[in-house]
Structure formats: structure tokens, C-alpha cells
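Commentary on secondary and tertiary structure
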Amino acid sequence: MGRHHASEITTPSPADRLAGELQSLKSGSGLTYARLSERTHYAKSSWERWVNGKQFPPRDAVQSIASVCGGDAEQLLELWQLAESRRIVLTLPGAPTPGVGVACAAPDDGQPSDGAPGHPEGSDGAHADCPHRREAVRLRGLVLFTLAVGAGGVLAAAGRRTLRREI
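A brief report on the enclosed structure follows. Owing to the predicted nature of the structure, the values given are computational and were not obtained by experimental measurement.

Focus on the environment of Ser-13
- For Ser-13, the location among the structural elements is in the segment before α1 (14-29).
- With a relative accessible area of 4%, Ser-13 lands in the buried category.
- Sequence-wise, Ser-13 and Arg-86 are 73 residues apart; in three dimensions their C-alpha atoms are separated by 8.7 Å.

A look at α1
- Between its first and last C-alpha, α1 extends 22 Å over 16 residues, near the 22 Å set by a 1.5 Å rise per residue.
- For α1, the set of buried residues is Pro-14, Ala-15, Leu-18, Ala-19, Leu-22, Leu-25 and Lys-26. Seen from one end, α1 has its buried residues packed into an arc of 140°, which puts them on one side.
- Within two residues after α1, Gly-30 carries a phi angle of roughly 80°, on the positive side.

Re the environment of Lys-26
- Topologically, Lys-26 is positioned in helix α1.
- Under the relative-accessibility criterion, Lys-26 is labelled buried at 13%.
- Separated by 25 residues in the primary sequence, Lys-26 and Val-51 place their C-alpha atoms 8.0 Å from one another.
- Among residues more than four places away in sequence, those in contact with Lys-26 are Leu-31, Thr-32, Tyr-33, Val-51 and Cys-69.

Digging into the packing of aromatic side chains
- Taken as a whole, this structure holds four aromatic pairs when the rule is applied.
- Taken together, a centroid distance of 5.1 Å and an interplanar angle of 80° make the contact between Tyr-42 and Trp-50 edge-to-face. For the pair Tyr-42 and Trp-50, a shared accessibility class is recorded, and that class is buried.
- Taken together through their ring pairs, the aromatic side chains of Tyr-42, Trp-47 and Trp-50 make up a single cluster.
- In this structure, Lys-26 is placed above the aromatic ring of Tyr-33, and the distance from its NZ or CZ to the ring centre is 4.4 Å.

Some remarks on the nonpolar core
- Of all hydrophobic cores here, the largest spans 21 residues; its most connected members are Leu-18, Trp-47 and Ile-65.
- Within the residue set of this core, elements represented by two or more residues are α1, α3 (44-51), α4 (59-69) and α5 (73-91).
- For Ile-65, the residues in contact, after removing those within four places along its chain, are Leu-22, Leu-25, Leu-36, Trp-47, Val-51 and Gly-70.

Looking at the pattern of salt bridges
- According to the stated counting rule, one finds two salt bridges in the structure shown.
- The salt bridge involving Glu-38 is made with Arg-35; its shortest N-O contact spans 3.0 Å. Of this pair, Glu-38 and Arg-35 both sit in helix α2 (residues 33-39), three residues apart, which is roughly one turn of that helix.
- Classification of Glu-38 by relative accessible area gives exposed; the value is 55%.
- The class of Arg-35 is partly exposed, set by a relative accessible area of 44%.

Some words on the packing of α1 against α4
- At a minimum axis distance of 10 Å, the contact between α1 and α4 shows a crossing angle of 30°. Classed by the angle they form, the pair α1 and α4 counts as roughly parallel. For α1 against α4, the interelement crossing comes out left-handed. The segment α1 lies against α4, with Leu-18, Leu-22, Leu-25, Lys-26 and Ser-29 engaging Val-62, Ile-65, Ala-66 and Cys-69.
- Taken together, the residues of the contact of α1 with α4 break down into seven nonpolar, one polar and one charged.

Thresholds applied
Residues numbered from 1 in each chain as written. Predicted model: local features only at pLDDT ≥ 70, side-chain atom pairs only at ≥ 80, totals over all residues. Heavy atoms only, no water. Helix = DSSP H or I, 4+ residues; strand = E, 2+ residues; numbered from the N terminus. Buried < 20%, exposed > 50% of the residue type's maximum accessible area, 1.4 Å probe, protein only. Expected span 1.5 Å × (residues − 1). Arc of directions from axis to C-beta. Contact = heavy atoms within 4.5 Å. Phe/Tyr/Trp six-rings, centres within 6.5 Å; stacked < 30°, edge-to-face > 60°. Lys NZ or Arg CZ within 6 Å of the ring centre and 35° of its normal. Core = buried A, V, L, I, M, F, W, Y, C linked by side-chain atoms within 4.5 Å. Salt bridge = Lys/Arg side-chain N within 4 Å of Asp/Glu carboxyl O. Axes fitted to C-alpha atoms, helices over the stretch in contact; angles between N-to-C directions. Parallel < 35°, antiparallel > 145°, perpendicular 65-115°, else oblique. Left-handed = near helix turned anticlockwise from the far one by under 90°. Nonpolar A, V, L, I, M, F, W, Y, C, P; charged D, E, K, R; others polar.

Any link to function would need more than the numbers given here.
Written out as C-alpha cells, the structure is:
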């Protein structure tokens, strides 16, 4: 009766709470995404992603929506800072993923994944279906690709200089 499983008790991540606050502000103001875009320097598609929690907003956008919709900018920016610090922890290579407060849902049932059997997990115990994990993996891949292209360019330029001296 008084016992709860870990999957029954979930606390929204700071990023999810921020998205909820942005949604409340937008809804309370009665503004459409187009009107919000007109009153700020951000596109309506960006506002849709940020307000619905599909993408993490920049700090200036959070400040803008608070100003336009009459929200408490200080409170929103504190929540943004907390969410941003959690995002940084999630994207650091080798950072432990479990216990950072991000609850990722399993794709089939929409319930929080608690590491129980049946939930896909990555090799380090992180949930493979977690959007934060996928974003971190993509970011690491992009960084490695950029470094490889840069190194190739440096090597190619060094090779050209060597050939010119020999001629």
C-alpha cells in the first residue's frame, strides 16, 4: 500500500519543467507562435520546438518570452540555468548518465524507463532511446568528424608545401 516502485515516482527534469513553464506563459498570453515570433527575433518554428520541449532554448529566448508574455524572467532564467547545467553534465564524454535526474520514456508505452528488463539500454547503462543520449552521441560524432576534416586539411596543406620546395 505505501510502497512505490521507482517507475511510479518521477520528477520532471529541469528542461521539462522549463518547457512546461514556457508552454504556460505562451498559453496564458493567448499569443500564437507567429505572433510570438513577430514580437521577438526568433522564428515561429523555433518557438514551437522550445515550448513543446523538443529542443532546448537559448537563454535570450527564455528572457524574450518572459518579457513578451509578462512572466517572471528571474525565475525562468534560474530554471534555464539549472537545466543548462544538467545538459552540460549529460554531454560530457564519460559522464555518468544514471542519476542525473533525466527520466527518458520508453518509445512503446510512454512510461518512464527505470532500467528494468525490457527497456533498451546502451552499453554504459544509459537508455538508448533517450533523446538526450541520442543528442550527445550526434554531437560527439560531429566533433570527431570536424576534427578529422581539419586534420586532413592541415596534412594536405603540409604536403603541398613539401612538393613546392622539391621542385
